[in-house]
Amino acid sequence: MKRVYRTESIRRAERAAKEHLSEDELIERAAAKLCEVAECVPFKRAVILAGGGNNGSDALSLAHLLYDRAYEVAVYAVGDKRNGFVCRRIAALEARGVDVVCPATADEVDINSEDLVVDGLLGIGCNREITGIMRDIVAKINDSRAYVIAVDVPSGLDSDTGRAHGIAVKANETVTFIGLKRGLYLADGKNYAGRVTLCDIGVDAGEADLYIAEDGDVEMPARQPVSNKGTYGSVKIIAGSPTMMGASLLAHESAQAALRGGAGYAVLCVPRSLAAVYQARVKEEMLMFMPDDGGRMLYDGSALGEVMKKASAIVIGPGMGKNPDLIKMISYLAANFEGALVIDGDGLNALSADLSAVDGHKCRLVLTPHVAEFARLIRDDGSAPDTDRVISLARRLDAVVAMKNATTVISDGERTFVNITGTPAMAKAGSGDVLSGLTAALAANFPPLRAAVTACYFFGRAGERAAADRGEWSVLASDIILKM
């Protein structure tokens, strides 16, 4: 597992390291690692952009190393406030005959398409909107076709939340030190960080409270030679409404994903009056018909009791629309079902109106909201890091919460993971239904946190394989299922 850290944890590790390493030693170690990465990039000239803090010191020391290796370098010291480490490195470069430009405007910064640009403007301390010449230079970097390496964190990106402070450098690669920062993965971080390279400079960041699953961390056990379909659980999916026929048909994808995810049975529980629609579509999964009024499913305790029979996991919500009975159904299942209950889609929207509906639940509860559904559930301004908000909701509901995004955050309130597998190709109707079905299949066989982490990981990998075949514009939910 990769360990991911808060900014304060990184600062604490730096302070501890300075008991046996000087700041200059840390800067030179970071510069040496930057140089190793830079020399792997073809370029004609290195444009070094240095701010007044320690990121600027790293970049200036890199300039010195590249100059010593006979590379052409253009060095810009940006801003008026500079610490002593920056000032000494500027003086050392000038003593070697390197012209260090202190630009008054972004127009004085020369960036060409064949350049390597090193962003050492700001570091993990950036916590407000970039303005003035710094903003103009960042815009110029982003408008260029140069290869951009960000030092530690792209300038302007919040290292904890992953949100840009108005504008941020869009790097091709981020070379980061001591530990991976949360902001490189959360929120919009992946849009700015590019490829992330972690370099060891001899500082131990310690234990983290956030982890990324990698190949080998998430595995599916072999199925027993002597087993049958009953061995691997039954998933039932409560879905469908007359006003969202297309969406409710996507519940078929959820059932297919449950089967692909290893469940022995998958049963679609749909409005009785829409039976013909589903009978024409389903193959491997089975059907159960629920009481309804004109296609709108009705709360009926005895019918839900039948759903619970022999069910290992239940999904509720796909394509059900705005249904006043939906929250009653969720509450009944939460209080009476002893298996895993996965709430998705319209089930999440219903729950957002009354979180207390699942208080004291008997089931093992899993929520799989996308970012908009999550925002409705928590009703806050989104200023806190995504991880903190997911942890808070998971604790509030005693549930596993998987907030779906380019980086999915998964937590049971005590342990937290982020999933970085996947591709923009998966931003397509029906993808969420695939994940809910896969999650339910795994939750029928494993503890809910393990099930959610495993489902998100393999779902993302399947999406990557589908995109490799179809291209990022053309992937359908059914293509993802075929690659599971």
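Every value quoted in this text rests on a predicted model; they were computed, and no experiment measured them.

Strands sit in the order S8-S1-S10-S21-S20-S19-S18-S17-S16-S11-S12-S13 across an open sheet of 12 strands; the sheet is mixed. Looking along the sheet, the strands with just one partner apiece sit at the ends: strand S8 (180–181) and strand S13 (286–290). Of the strand pairs in this sheet, strand S16 (residues 313–316) and strand S17 (residues 340–343) are connected by 4 bridges, and their pairing is parallel. Looking at the pairing, Ala313 lines up with Ala340 of S17. Those strands touched by helix H14 (residues 386–397) are strand S10 (210–212), strand S18 (364–367), strand S19 (400–403), strand S20 (408–411) and strand S21 (416–419), and its axis lies near 35 degrees from that of S20. Where helix H16 (residues 448–470) meets the sheet, it contacts S18, S19, S20 and S21, and its direction lies at approximately 165 degrees from that of S20.

Ile238, Ile316, Leu341 and Leu367 are the most contacted members of the largest nonpolar core, which has 96 residues in total. Look past the residues within four positions of Leu341 in its chain and what remains in contact with it is Ile314, Ile316, Ile330, Leu333, Ala334, Cys363, Arg364, Leu365 and Val366. The next biggest cluster of nonpolar side chains, apart from the first, holds 49 residues, and it includes Val218, Ala313, Ala441 and Cys456.

The space that makes up the largest pocket amounts to roughly 1000 Å³. What lines the largest pocket is a set of 43 residues, and nearest its centre among them are Gly52, Gly53, Leu121, Leu122 and Gly123. Here the element with the most residues in the lining of the largest pocket is helix H2 (residues 23–38); it accounts for 4 residues. The class makeup of the residues in the lining of the largest pocket is 20 nonpolar, 11 polar and 12 charged.

Moving on to the UniProt feature "binding site: K(+)" (unreviewed entry) in the protein chain. Under the UniProt annotation, the feature "binding site: K(+)" (unreviewed entry) is placed at Asn55, Asp119 and Ser155. In summary, the annotated positions, though distributed over 101 residues, converge in three dimensions, the widest C-alpha pair being only 9.7 Å. Checking the named residues against the largest pocket, the ones that line it are Asn55. Its place among the elements puts Asn55 in helix H3 (residues 54–68). Taking the relative accessible area as the measure of exposure, Asn55 reaches 9% and is therefore buried. Setting aside anything within four residues of it in sequence, one finds Asn55 in contact with Gly120, Leu122, Gly123, Val151, Asp152 and Val153. Mapping Asp119 onto the fold places it in strand S5 (residues 115–120). Among the residues examined, Asp119 registers a relative accessible area of 0% and is labelled buried.

Given a rise of 1.5 Å per residue, 12 residues ought to cover 16 Å, and the 16 Å separating the end C-alpha atoms of helix H4 (residues 84–95) matches this to within 8%. Turning to H4, its buried residues number three or more, namely Val86, Arg89, Ile90 and Leu93. Along the axis of H4, the buried residues cluster in a sector spanning 105 degrees; they form a single face. Looking at the buried residues of H4, the elements they touch are H2, H3, strand S3 (72–77) and strand S4 (100–101). Downstream of H4 by a residue or two, Gly97 has a phi angle that is positive, lying close to 95 degrees.

A separate point is the sheet that holds strand S2 (residues 45–50). In spatial order, the strands read S4-S3-S2-S5-S6-S7-S9; together these 7 strands make up an open sheet with parallel pairing. Unpaired on one side and paired on the other, S4 and strand S9 (195–199) mark the two borders of the sheet. As paired strands, S2 and S5 are joined by 6 bridges and run parallel to one another. Paired with Val47 across the strands is Val117, a residue of S5.

Direction vectors running N to C along H2 and H4 enclose 60 degrees, while the axes themselves pass 11 Å from each other. The angle between H2 and H4 places the two elements in the oblique class. For the pair H2 and H4, the sense of crossing is right-handed. Residues Glu23, Asp24, Ile27 and Glu28 of H2 form the contact with H4, whose participating residues are Phe85, Arg88 and Arg89. Split by residue class, the contact of H2 with H4 holds 2 nonpolar, no polar and 5 charged.

Basis of the calculations
Residues numbered from 1 in each chain as written. Predicted model: local features only at pLDDT ≥ 70, side-chain atom pairs only at ≥ 80, totals over all residues. Heavy atoms only, no water. Pairing = 2+ DSSP bridges. Helix = DSSP H or I, 4+ residues; strand = E, 2+ residues; numbered from the N terminus. Contact = heavy atoms within 4.5 Å. Axes fitted to C-alpha atoms, helices over the stretch in contact; angles between N-to-C directions. Core = buried A, V, L, I, M, F, W, Y, C linked by side-chain atoms within 4.5 Å. Buried < 20%, exposed > 50% of the residue type's maximum accessible area, 1.4 Å probe, protein only. 1 Å grid on protein atoms, 1.4 Å probe; cavity = no way out; pocket = protein on both sides within 12 Å on 5 of 7 lines; lining within 4 Å. Points joined across faces, edges and corners; volume = space filled by probe spheres on them. Nonpolar A, V, L, I, M, F, W, Y, C, P; charged D, E, K, R; others polar. UniProt positions renumbered as here; feature names shortened; annotations may be inferred. Expected span 1.5 Å × (residues − 1). Arc of directions from axis to C-beta. Parallel < 35°, antiparallel > 145°, perpendicular 65-115°, else oblique. Left-handed = near helix turned anticlockwise from the far one by under 90°.

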